[in-house]
Structures are given as structure tokens and as C-alpha cells.
Amino acid sequence: MIDLVEIIEYVGTFAFAISGIRLAAKKDFDLFGAYVVGLVTAIGGGTIRDLCLGVPPFWMEDARYLICSGFALVFVVLFRKYLIHLNITFFLFDTIGLALFTVVGIEKTMAAGGYDYWVAIVMGGITGAAGGVFRDIFINEIPLIFRKEIYAIACLIGGLVYIACLDLGMGRMAVQLLSALSVALTRLVAVRYKIGLPHIKGEQD
Amino acid sequence: MIDLVEIIEYVGTFAFAISGIRLAAKKDFDLFGAYVVGLVTAIGGGTIRDLCLGVPPFWMEDARYLICSGFALVFVVLFRKYLIHLNITFFLFDTIGLALFTVVGIEKTMAAGGYDYWVAIVMGGITGAAGGVFRDIFINEIPLIFRKEIYAIACLIGGLVYIACLDLGMGRMAVQLLSALSVALTRLVAVRYKIGLPHIKGEQD
Amino acid sequence: MIDLVEIIEYVGTFAFAISGIRLAAKKDFDLFGAYVVGLVTAIGGGTIRDLCLGVPPFWMEDARYLICSGFALVFVVLFRKYLIHLNITFFLFDTIGLALFTVVGIEKTMAAGGYDYWVAIVMGGITGAAGGVFRDIFINEIPLIFRKEIYAIACLIGGLVYIACLDLGMGRMAVQLLSALSVALTRLVAVRYKIGLPHIKGEQD
């Protein structure tokens, strides 16, 4: 079972990095810049989480996150003309990654000890969504998740489901699975039916 | 007295969050994005301070900062058409918040121990002013405090007053009060008389 | 020998701050804003490194980095019309600073203990190059090092040379010198012969 989680984590890292590298490519980045944007998209959220929790950033203890982002760079360079046909695949990978990152963020916060449940939920959201904020700051755009898409909200719903299932006394694997599923389903339903949050209106509107 | 400080702290959080949410509204953010910008405006400075000091970010130990920012969002959504008439009120709240945040930043640094006075002054300035820098990066603008307004400078003056009063052997409450007052007064006078720092000239000018 | 390293470190800080202040001047920043941009360019990379390593940011223990950035501000204000004639001098100072910052970053990581070699190399690169990323985010531009110039790559090459020399059993001073030289030479050669990384191509190109 550990292997499966690990594989999903690298798939998520790969998918997150791809999203950063593709956006960097639109902005005329060089290979190094594209790699950094991809990497930060993948590991930025978890890094903020770990700094807040006072533990060493997770990627400093396992080179595979950097390697995974490197594979993503090679992949985009080699197959750039075909990527557009893989949009649905990437979307699914990205959603799986989001779901898993959220659960990892929640569990790491609870393992750190001493924090209320709501902190774990917030940290799940940061783990899943903050990387995309860094990505958009690096390419000098307003963060996408602040204007479009149910994304961070999906993480928060996953967090609530996690805590609810835990309170109901479910086993750990069931809690993880239901939480991850609720993240993924929220996002899939929102994108499929074009559901978004209302926008905040300006004072002149 | 503790209650009064707490109340001022939430008033400051509310006012800082309002400033972030109003700017997000101008940029067509959704409700979640506006909330995050408001929250980061309110807690961003203190978070940087706490990470530098090696202590857990303050908002992870008290949910009221997140709740306060939530109230700010509801307030902006409900009363958006009337906000413009409250500009002076918000300005006063914001200034009170700035003064208190500065004092909190100084005292937390001194409580952490082992740092020189100037570090406490810098941390007071970061606590008061860095949230606004995050806000402006998130809405993709050049940070306002780098181009207009005596803002961070007011924090630094408050820090100098704090250290001076402390050196003069004043009681803690007097030190706090004089420091906070000097922040607020500096800002009020600067805005009232449109006093700003000179701009740095380019090499062609 | 310690004195020489210290002097180079302040020269590097000065040169990095100058680069931030000059860019801020082009964007109509006030004196405070220009100072902050200069300071963050100089200390931003080392701050991220120290937060990741879980040690207090280096500038909190030595006021000279803030003072050095202040001198840089005074220098730009006084001599702005002549700066353009000093471009080659600044470039050399900047390159020396980059080389030294990289070595400092590597050694501080190895002194922290418990990290693999590749972490030290990455931290060398962050120490040298992340300040410029902050600078460009603050002036609301896409980070220069993501689109032009061999800069972070020079840090990484310096890191590889450091580890290689260490493995070969060289003395510490030789390792430091060869690593720093390889950073500086890589950058000098790249700029002299206009060598850059290939850009990543977009999906439509």
C-alpha cells in the first residue's frame, strides 16, 4: 500500500510540474526557468506547510521530487506538440495529485502534533493549492485559483471530510480514501458543470 | 487591559483584511480569492516575523484571525456600495492596526530573546507592513508602500520610540502607548499634509 | 583570510543591493521602497536558505548587511548619472558576490549537517540566485534569471565543482577557491560569448 501512495505522489508531482512548465513555455522562459517554475508548482505548497510546522521541507530529504520535475521538463520538451491532446489526462493526474497532496498535508500537520483540526484543514489546502499561486506569481499573472476554478475549496472540503470521518471512528485508510475522493469529486463535478464561486463585486458595479 | 489590546488586534486584522478584499474586488477575484488576499494582508507580516524568529505562526494557535478576515469578507460583500463613505473610518482602523501590529512585532521579537534592538525594530516594521506587500503581489501590482505613503517608515519610527522609552526606564504600558501613538501620529500627519519620501531618480532623469 | 572573505561578502551585498536599487529607480520607487528592493536582492536568497535549514536568518545576527544596503542606496542617489559608466565594474562585483554567496550557501548547508550533497548544491544556487527573483517580483517583472543569462546554472556548476573537489580530498581553501572560480568563470564566459540556455518552445511554435 505504501508503494501505491508513493507512486500517486510522484504522479501528482509530475502533473503539477507539467502545469508550471507549460505556462512558463508560453512566456518564453529558458529551460532552467521552466524547470524552476515546474518545481515550485510541485513543491511550493508543501514547503510553506513544512516551514509553518517547523519541520525541514520534505524535498530536502528525498531527491525524487526534483528528479520528477526534471522528467516533466523533458516530457514537455519532447512532446510539446502533442500535449494539447493530453489535456484531459493531465487534468486527471492533476486532480489525483491535488487529492493526495491534500491528504498528505492534513496528516503531516496532525503528526506534528499540538494543532487544532482546522489548522490541519488549512495546511491541506496550502499543500494542494499554494504551489499554483507561486507558479502564477513567477510568470507574473494574477493567481488563477483566485479567479477561476474550484480548487482550494476542493481541498478544504476534503479536509472537512477527513475530520468528519476521523470523528466517526473510521479506520485510517478509509478516512484517507474518502477525503481524497471528496477532493477529486468536488473538482471533477465543478469543472464538468462549470461551477465556480461567485465573484466579489467592485464598489462601482 | 488585556481585553483592550485583544480588541484592537481584531480591529486591526479586520481593517487590514478589508483593504485586501477591496483591492481584490477591483481585480475580479472570486469570493475565495478575495478572502485569501484579505487574510494574507492581515496575517502575512506576522507570519514572516514568526518564521524568522523560529516560532509557530501566530494564527495557527488562534482561529480568530481567520474568522475576523471572514467577517471582513461578509462586510465587504454586504456593504460594498457604502464602503467609499467609510474611507476615513477604515483609514483610522488601519492606522490603529498598524500601530498595534508594530508594537506586537517588537515585543514578540524581544520575548524571543537574543536579538539586538534593531532586529526588534525591523520585525515591528515587517509585522506592520509586509502583509500589504503580499497583498499587492497577489493582485499583481507593484507594492504600494514602495511608491507612496509613509507607512513602513511610521513603523520604524514607532520602533525607535519604543527602544528610546525603554532605555529611559519607562514602564511597559507607557512604552507601548508612546510607541503606538508615534506610529499612528506619523502616519496621520503624513497623510494629512501629503508628506511622502522623495522618489529615487532614474539614471536618465 | 577571514577578513578577505568578509570583505568580499560585503562587496557582494553592496553589488546585489545596487542591482535592486537601480531597477527600483526605473519604476519610480521612493527611497524606502528602493532600499527594501536592494536589501531583499542582497539577503533574500540567504534568508530562504536559512529558513529551509531551520536556522535564524543570517542578517538578524549582523547589522552590516542592512548597513551595506544603505550605503548602496546612498551611492546610487549620489552617483546616479555616472552609474552607467560603472556597468562593467558592477558586473564584476556582482559576479564575485555570486561566487562567494554560492560557496557560503554550500558550506552553511553542510555545516547544518544531515543533508545530502545535492541539497548543498541546491542551497548554493538559492543563496546566489533567489534574491534576484524576489527583486523582480517586487518590481512586478518576470524574474530575469528565468529568461536570460547563465546565472543560477553558474551556481549549480560551482556546487558540482565544490563536491567534486571535496571528494578528491582537496583542502578546504582550495575547494572554496575552485568552486568560486568556476561560478565566476562560467558567468563571465557566458556573458562574454552571449551563451544562454535554449528557451522552451510553446505548444503553437
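(A) Layout of the packing of helix α4 (residues 87–112) of chain A against helix α7 (residues 172–192) of chain A. All names here are of chain A. At their nearest, the axes of α4 and α7 sit 9 Å apart, and the two run at 140° to each other. Taken together, α4 and α7 sit at an angle that is classed as oblique. α7 is crossed by α4, and the crossing has right-handed handedness. Where α4 abuts α7, its residues F91, L92, D94, T95, L98, A99, T102, V103, I106 and E107 lie against R172, Q176, S179, A180, V183, A184, R187, L188 and V191.

(B) Just the pattern of salt bridges, in detail. Applying the stated rule across the entire model yields 24 salt bridges over all chains. Ionic pairing is found between B:R64 and B:D62, a salt bridge with its closest N-O pair at 3.1 Å. Note on B:D62: relative accessible area 17%, which makes it buried. What you see here is one network of salt bridges that share partners, running through A:E6, A:D62 and A:R64.

(C) Broad picture of helix α5 (residues 117–138) of chain B. Residues and elements named next belong to chain B. Compared with the 32 Å implied by 1.5 Å per residue over 22 residues, the 32 Å span of α5 between its first and last C-alpha is a close match. Along α5, the sharpest change in direction is near 40° and occurs at A129. N140 occupies a position one or two residues after α5 and carries a positive phi of about 60°.

(D) Spotlight on the packing of aromatic side chains. For the structure shown, the criterion picks out 24 aromatic pairs over all chains. Taking the centre distance of 5.5 Å and the plane angle of 75° together, the rings of B:F14 and B:F75 count as edge-to-face. In this pair, B:F14 is assigned in helix α1 (residues 2–26) and B:F75 in helix α3 (residues 64–79), connecting sequence segments 61 residues apart. Given the relative accessible area of 17%, B:F14 is considered buried. For B:F75, a relative accessible area of 23% corresponds to the partly exposed category. Summarising the aromatic geometry, the rings of C:F75 and C:F90 are spaced 6.3 Å apart at their centres and angled 85° between planes, so their arrangement reads as edge-to-face. Linking C:F75 in helix α3 (residues 64–79) with C:F90 in helix α4 (residues 87–112), this pair joins segments that are 15 residues apart in sequence.

(E) Structural view of the relation of the copies chain C and chain B. Once turned by 120° and shifted 0.0 Å along the axis, chain C lies on chain B with an RMSD of 0.0 Å. What we have between these two chains is a three-fold relation. Counting the interface residues of chain C, we find that no more than 9% of their copies in chain B are interface residues as well, pointing to two distinct contact surfaces.

(F) Highlighting the interface of chain A and chain B. Across the contact, 31 residues belong to chain A and 33 residues belong to chain B. Together, the buried faces of chain A and chain B total about 2700 Å²; carbon and sulfur atoms form 67% of this surface. In terms of surface lost to chain B, no three residues of chain A exceed A:F146, A:I200 and A:E203, which account for 31% of the buried area on that side. The interface formed by chain A and chain B includes zero salt bridges. Linking chain A to chain B there are six residue pairs in polar contact (both at pLDDT 80 or more). Only α2 (31–53), α5 (117–138) and α6 (152–167) of chain A provide two or more residues apiece to the side of chain A that touches chain B.

(G) Local environment of the confidence of the model for chain A. The predicted model of chain A averages 92 in pLDDT, with 99% of residues at 70 or higher. Interface predicted TM-score (ipTM) for the complex: 0.93; the corresponding pTM is 0.94.

(H) Region of the structure containing α4(A). The end-to-end C-alpha separation of α4(A) is 37 Å, in line with the 38 Å expected for 26 residues at 1.5 Å each. Directly after α4(A), the chain includes A:G113, whose backbone phi takes a positive value near 80°.

(I) The state of the cysteines, seen in detail. Enumeration according to the criterion identifies zero disulfides over all chains in this entry. Just so you know, A:C155 is unpaired, no disulfide at all, and the nearest cysteine sulfur is the one on A:C52, 16 Å from it. Classification of A:C155 by relative accessible area gives buried; the value is 0%. Free of any disulfide, C:C52 has its nearest cysteine sulfur in A:C52, 12 Å distant.

(J) Highlighting the relation of the copies chain A and chain B. Of the transformation superimposing chain A on chain B, the axial component is 0.0 Å and the angular component is 120°, with the fit at an RMSD of 0.0 Å. Take the interface residues of chain A: only 10% of them recur as interface residues in chain B, which is what a contact between different surfaces looks like.

(K) Layout of the interface of chain C and chain B. In this assembly, 33 residues from chain C lie in contact with 31 residues from chain B. By the criterion of area lost to chain B, the three top residues of chain C are C:F32, C:M60 and C:R80, representing 26% of everything that side buries. For the pair chain C and chain B, the interface holds zero salt bridges. Of all elements in the fold, only α1 (2–26), α2 (31–53), α3 and α5 (117–138) of chain C reach the threshold of two or more residues within the side of chain C that touches chain B. Among the elements that line the side of chain C that touches chain B, the one with the most residues is α2(C), at seven residues. Its residues assigned to classes, the side of chain C that touches chain B shows 24 nonpolar, two polar and seven charged.

(L) Structural context of the nonpolar core. Counting 193 residues, the largest nonpolar core has A:W59, B:W59 and C:W59 as its most contacted members. Among all residues touching B:W59, those that are not within four sequence positions of it are A:C52, A:W118, A:V122, A:M123, A:I126, B:I43, B:T47, B:Y65 and B:L66.

Procedures and definitions
Residues numbered from 1 in each chain as written. Chains lettered and ligands numbered in written order. Predicted model: local features only at pLDDT ≥ 70, side-chain atom pairs only at ≥ 80, totals over all residues. Heavy atoms only, no water. Axes fitted to C-alpha atoms, helices over the stretch in contact; angles between N-to-C directions. Helix = DSSP H or I, 4+ residues; strand = E, 2+ residues; numbered from the N terminus. Parallel < 35°, antiparallel > 145°, perpendicular 65-115°, else oblique. Left-handed = near helix turned anticlockwise from the far one by under 90°. Contact = heavy atoms within 4.5 Å. Salt bridge = Lys/Arg side-chain N within 4 Å of Asp/Glu carboxyl O. Buried < 20%, exposed > 50% of the residue type's maximum accessible area, 1.4 Å probe, protein only. Expected span 1.5 Å × (residues − 1). Bend = angle between axes of the 7 residues up to and from the residue. Phe/Tyr/Trp six-rings, centres within 6.5 Å; stacked < 30°, edge-to-face > 60°. Least-squares fit on C-alpha atoms with pLDDT ≥ 70 in both. Buried area = accessible area lost by both parts, 1.4 Å probe. Polar contact = N/O pair within 3.5 Å; in protein donor to acceptor, adjacent residues only side chain to side chain. pLDDT = per-residue confidence, 0-100. Disulfide = S-S within 2.5 Å. Nonpolar A, V, L, I, M, F, W, Y, C, P; charged D, E, K, R; others polar. Core = buried A, V, L, I, M, F, W, Y, C linked by side-chain atoms within 4.5 Å.

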